[in-house]
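# Examining the three-dimensional arrangement
Below, each chain spelled out in residue letters.
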Amino acid sequence: MSAAIGSSAHDLHYDVSVNSQSHNDEDPPSSDIVRLMREGDEHFRQGRGTQADACFRTVLAREPGNPDALHRCGILAFLRGDARQAVEFLREAVSTRSDDAALRGHLANALMACGDLDNAIANWRRALEIAPDYAAAHARIGDAYFAKGDIDASEAAYRKSIEVNPENAKAFVGLGRVLHFGDRNDEAETALQRALELDGNAPEVCVLVGTVLLEAGALDAARELFESAVRAQPEEPRAHASMGLALHWQGRFDEAENAYRRALSIDPGNPLALKHLGVLYQERDQLKAAAECFEKLLRVNPHDEVARHMLAATTGDTTANAPRGYVTRLYDDYADRFDAHLEAIDYRVPTLIRDAVLEVTKTENPAWRVLDLGCGTGQCGEVIRPLADFLAGVDLSPRMIAKARERNVYDSLVVASIDDVLQGNEQRFDLIVAGDVFIYIGDLSNVLASCSRTLTAGGLVAFSIESSDTDSYRLCPTGRYAHSAAYIETIANASGLSVVYAQDIIVRNDPIPIPGQILVLENAARS
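Overview of the structure. The written sequence of each chain sets the order in which its residues are numbered from 1. Per-residue local features are limited, in this predicted model, to residues with pLDDT of at least 70; the limit for side-chain atom pairs, both in listing and counting, is 80 or more; totals at the level of whole chains, interfaces and linings are taken over all residues. Just so you know, side-chain values use all the structure's heavy atoms and leave hydrogens and water out.

## Let's talk about the overall build of the protein
Secondary structure elements follow DSSP: runs of H or I no shorter than four residues count as helices, runs of E no shorter than two count as strands, and numbering proceeds from the N terminus. Regarding its fold elements, the protein presents 25 helices and 9 strands. Radius of gyration here uses only the C-alpha atoms, and the compact-globule reference equals 2.2 Å multiplied by the residue count raised to the power 0.38. Computed over C-alpha atoms, the radius of gyration of the protein comes to 25 Å, within 12% of the 24 Å expected from 2.2 N^0.38 for 527 residues, which places it in the range of a compact globule. Dimensions of the protein, computed from C-alpha atoms along their principal axes, come out at roughly 80 × 50 × 45 Å. Expressed as a percentage of the 527 residues in the protein, the buried residues total 55%. Relative accessibility thresholds used throughout: buried, under 20% of the residue-type maximum; exposed, over 50%; partly exposed, between the two (1.4 Å probe, protein chains only).

## Some remarks on the nonpolar core
Leu-371, Leu-373, Ile-432, Phe-438, Leu-448 and Phe-463 are the most contacted members of the largest nonpolar core, which totals 135 residues. Residue contacts for Ile-432: discarding those within four places in its chain leaves Leu-371, Leu-373, Leu-422, Cys-451, Thr-454, Leu-455, Leu-460, Val-461 and Ala-462. Think of a nonpolar core as a cluster: buried Ala, Val, Leu, Ile, Met, Phe, Trp, Tyr and Cys residues, connected wherever their side-chain atoms sit within 4.5 Å. Contact definition: two residues touch when any of their heavy atoms are within 4.5 Å.

## Observations concerning unusual backbone geometry
For Asp-285, which is not glycine, the phi dihedral falls at a positive 65°. For Asp-285, the position within the fold is in the loop between α15 (271–283) and α16 (287–300). Although it is not a glycine, Asp-436 adopts a positive phi angle of roughly 55°. Positionally, Asp-436 belongs in the loop between β4 (429–434) and α24 (445–454). What makes Asp-436 buried here is its relative accessible area of 10%.

## Observations regarding the side chain of Thr-454
Within the secondary structure, Thr-454 is located in helix α24. Taking the relative accessible area as the measure of exposure, Thr-454 reaches 1% and is therefore buried. Each residue touching Thr-454, except ones within four places of it in the same chain, is listed here: Leu-422, Gln-427, Arg-428, Phe-429 and Ile-432.

## A few points about the pairing of strand β8 (residues 497–509)
The rule for pairing is simple: two strands pair if DSSP sees at least two bridges between them. The pairing of β8 with strand β9 (residues 513–523) spans 11 bridges and is antiparallel. Within β9, the position partnered with Tyr-501 by the bridge is Val-520.

## Looking at the environment of Asn-321
Checked against the element boundaries, Asn-321 lands in the loop between α17 (305–315) and α18 (324–334). According to the relative accessible area criterion, Asn-321 is partly exposed, its value standing at 41%. Taking the C-alpha atoms as reference points, Asn-321 and Gly-496, separated by 175 residues in sequence, lie 22 Å from one another. Not counting residues within four places of it along the chain, the set of residues in contact with Asn-321 comprises Tyr-440, Ile-441, Gly-442 and Tyr-481.

## Topic: helix α10 (residues 185–199)
Expected span of a helix, by definition, is 1.5 Å for each gap between consecutive residues, and there is one gap fewer than residues. The first and last C-alpha atoms of α10 sit 21 Å apart over 15 residues, in line with the 21 Å expected at 1.5 Å per residue. Turning to α10, its buried residues number three or more, namely Ala-188, Ala-191, Leu-192 and Ala-195. Down the axis of α10, the buried set is contained in an arc of 95°. They therefore lie on one face. In α10, the exposed residues that point more than 90 degrees away from the buried face are Asp-186, Thr-190 and Glu-197. The inward-facing, buried residues of α10 contact α9 (169–181) and α11 (203–215). Note: the arc covers the axis-to-C-beta directions of the helix.

## Notes on the pairing of β4
Burial analysis of β4 places 5 of its 6 residues in the buried class, the great majority of the element. Pairing between strand β1 (residues 368–373) and β4: 3 bridges, direction parallel. Paired with Leu-371 across the strands is Ile-432, a residue of β4. By the bridge criterion, 5 bridges tie β4 to strand β5 (residues 455–467) in an arrangement that is parallel. Counterpart to Val-433 in the pairing with β5 is Ala-462. Of the crossover connections in this fold, the one passing from β4 over α24 to the parallel β5 is right-handed. Viewed with both strands pointing away, a crossover whose connecting path from the first strand over the helix to the second turns clockwise is right-handed.

## A short note on helix α25 (residues 485–494)
Along α25, the residues classified as buried are Tyr-487, Ile-488, Ile-491 and Ala-492. The buried residues of α25 occupy one face: seen down the axis, they fall within an arc of 125°. Residues of α25 that are exposed and point over 90 degrees away from its buried face: Thr-490 and Ala-494. Each element contacted by the buried residues of α25 is listed here: α24, β5, β6 (473–475), β7 (481–483), β8 and β9.

## Quick look at the packing of aromatic side chains
The rule is short: rings of Phe, Tyr and Trp, with Trp giving its six-membered ring, pair when the centres are within 6.5 Å, and they are stacked under 30 degrees, edge-to-face over 60, tilted in between. Considering all chains together, one arrives at 5 aromatic pairs under this definition. Aromatic pair Phe-438 and Phe-463: ring centres 4.9 Å apart, planes at 55°, arrangement tilted. Taken as a pair, Phe-438 in the loop between β4 and α24 and Phe-463 in strand β5 lie far apart in primary sequence, 25 residues in all. Since its relative accessible area comes to 0%, Phe-438 is described here as buried. Seen from their ring centres, Tyr-473 and Tyr-487 are 5.4 Å apart, and the 65° between their planes marks the pair as edge-to-face. With Tyr-473 in strand β6 and Tyr-487 in helix α25, the pair connects residues that are 14 residues apart, well separated along the chain. For Tyr-487, a relative accessible area of 9% puts it in the buried group. For Arg-369, the ring lying beneath its charged end belongs to Phe-429, and the centroid distance is 5.4 Å. Here, a charge over a ring means that NZ of Lys or CZ of Arg falls within 6 Å of the ring centre while also lying within 35 degrees of the ring normal.

## Observations regarding the pattern of salt bridges
In what follows, salt bridge is the name for a side-chain nitrogen of Lys or Arg lying within 4 Å of a carboxyl oxygen of Asp or Glu. The tally for this structure, following the rule as stated, stands at 36 salt bridges. Between Glu-39 and Arg-35 there is a salt bridge; the shortest N-O distance is 3.0 Å. With Glu-39 and Arg-35 both in helix α1 (residues 31–45) and 4 residues apart, the pair spans about one turn of that helix. For Glu-39, a relative accessible area of 33% puts it in the partly exposed group. Judged by its relative accessible area of 37%, Arg-35 is partly exposed. Arg-126 is paired through a salt bridge with Asp-99; the nearest N and O atoms lie 2.4 Å apart.

## A short note on the environment of Thr-314
Counting through the fold element by element, Thr-314 comes out in helix α17. Residue Thr-314 is classed as buried on the basis of its relative accessible area, which comes to 7%. For the pair Thr-314 and Leu-475, spaced 161 residues apart in sequence, the C-alpha to C-alpha distance is 8.9 Å. Apart from residues lying up to four places away in sequence, Thr-314 is in contact with Gln-282, Leu-287, Ala-290, Ala-291, Phe-294 and Pro-477.

Written out as C-alpha cells, the structure is:
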C-alpha cells in the first residue's frame, strides 16, 4: 500500500496573515481575543501545535463562532491526522465565511481525506469561483477525480492547473501519475521531468515524483529521489518513510525497517511509517510488534480502517468482514501493480473458475448473464467473456474499475460494494463469479443468501477461498479470511445453494503457497 499523492498534511498551507475579517468595525475584537490569536499563530510558526491549539480553543470558548479560530483549529486537526474533526471545524467556519477561497480549499482537503470526494470537488470548484487563478484547486480536483477512478476528468483538471500556472510542479506530478496509470509512459516521464525541473530542489517534490515512480514499479529511480529528499532535509519524516517503502518493496527489509524507524524517531506518530512498519513486521510474522504499530496508528487517527483491521488480524481477533474503507484503500493503492504482481506469482484463479463452471455445466457456446463480483482489473472478466451474453463488473476500488474499463470486456462496470449490488439489483444472473473476493468477507451468510436471490433457477456462483483448518472462518495475520469446507457447505445450504464442485488448489505463492479451494454452488431452485 502506498502513500496517496496530494493527500498529505503538506498540502495544507497555513497562512496566519489571512482571514482577519471575522469582526467588522462595529464589533471590534477584544484585546484578549487578538492576543490569543497572535500567540496561537506564533506557536504554530514555531511548530508548537499543542500550544497553538490551546490558544485557538480558548478563543472558541469565549467566542464560539469565531471563524479565524475555527479555521486554525481545523487545520491543526488535519495536521495531526484527525480529518473528521477538521471537517467539523472547517464546515462551521465556512458557514459564516462562505466566500473565503483558502478556507474552502482546506475544507476540501479534509473532506477528501475522509473519502468524501464529491463534496471535496464541490468545495474546490466553489473556491475557483471565488479565486479563478487558484491553480492548486484545479490540481487537487485532479487528485480527487483520480481517487474516483475518473482518469479523463483527472487529466483535464491537471492540465487546467498547468494552464493557469505553468510553474505548478505538483500539477505536473499529478499529470505524470495519471499518464503512468494509463500506460502513457513517455508522456508521463516528460511531465515528471518537468516537475523536477521546476522544483527539483524541494524535498516535497522529490518525494511526490518518487511516489509516482514507486507506484509505476521504477523502484531504483524512486529510491534515488527519496534519498535526495533525505539529504536535502534530513529531519523530514515523510522522506525517510517513503524511502523505507521503496526498500521494503525491493526486499531490503532490514534497511526498510531502519528507514521507518528513522522517520518515527523524528515524528513518532508518522502514519506512513507506522503503517508500513506494521506491515513489515506482519510479513515477518512478528505479530506482537506489528500490533503495536497499528495500535499507535489508531491513537494518531482513531478512524483509520486499515489500522483497525490489521490490528484485529495481528492479534487474532476474527471480525465478521474487512471494513469497506480498508478494501478500497488496499486495491486503490494496488491498482498500478496488480496485474504485474499476479503474473509474478503464477496466479490462475480466473482460469480455474472458468474451467470449474464448464465442467459443472458441460455447456457448449453458452450465452449467460454473468456478474463479476470484486472484478478488480478485469482478469476474471477477460476469461469469462466468451461465455457471456452480458457481463457486469462491480468493485469497491475506483482505480481497479478504471483498469477494468481498459480491457473493454464488460457491458457494465460499477463502483460499489457487493452488498449494494446484490441487494439493490432486480436483474437475474445465470452465473456469479468472485475470484479472490470472499477472502475479505468472513461471515458469508448474507452474501451467499443475496447471491441465491440474484441467480436464475439453477444458476451458479463460482468463487475461490483460502482454506481454514477451523470449523468456521478466521481472520489471518495477512488481513485476509480463510474458510473451512464445512462452513461453506453449511452456509450454502442455509442460503438455498448446494455445493456441486470443490477443488483444492494453491491460491497463490506469495511468498509461500497458500492453500485454498475453487467452489461452485448451484441455486437449488429449478425452473
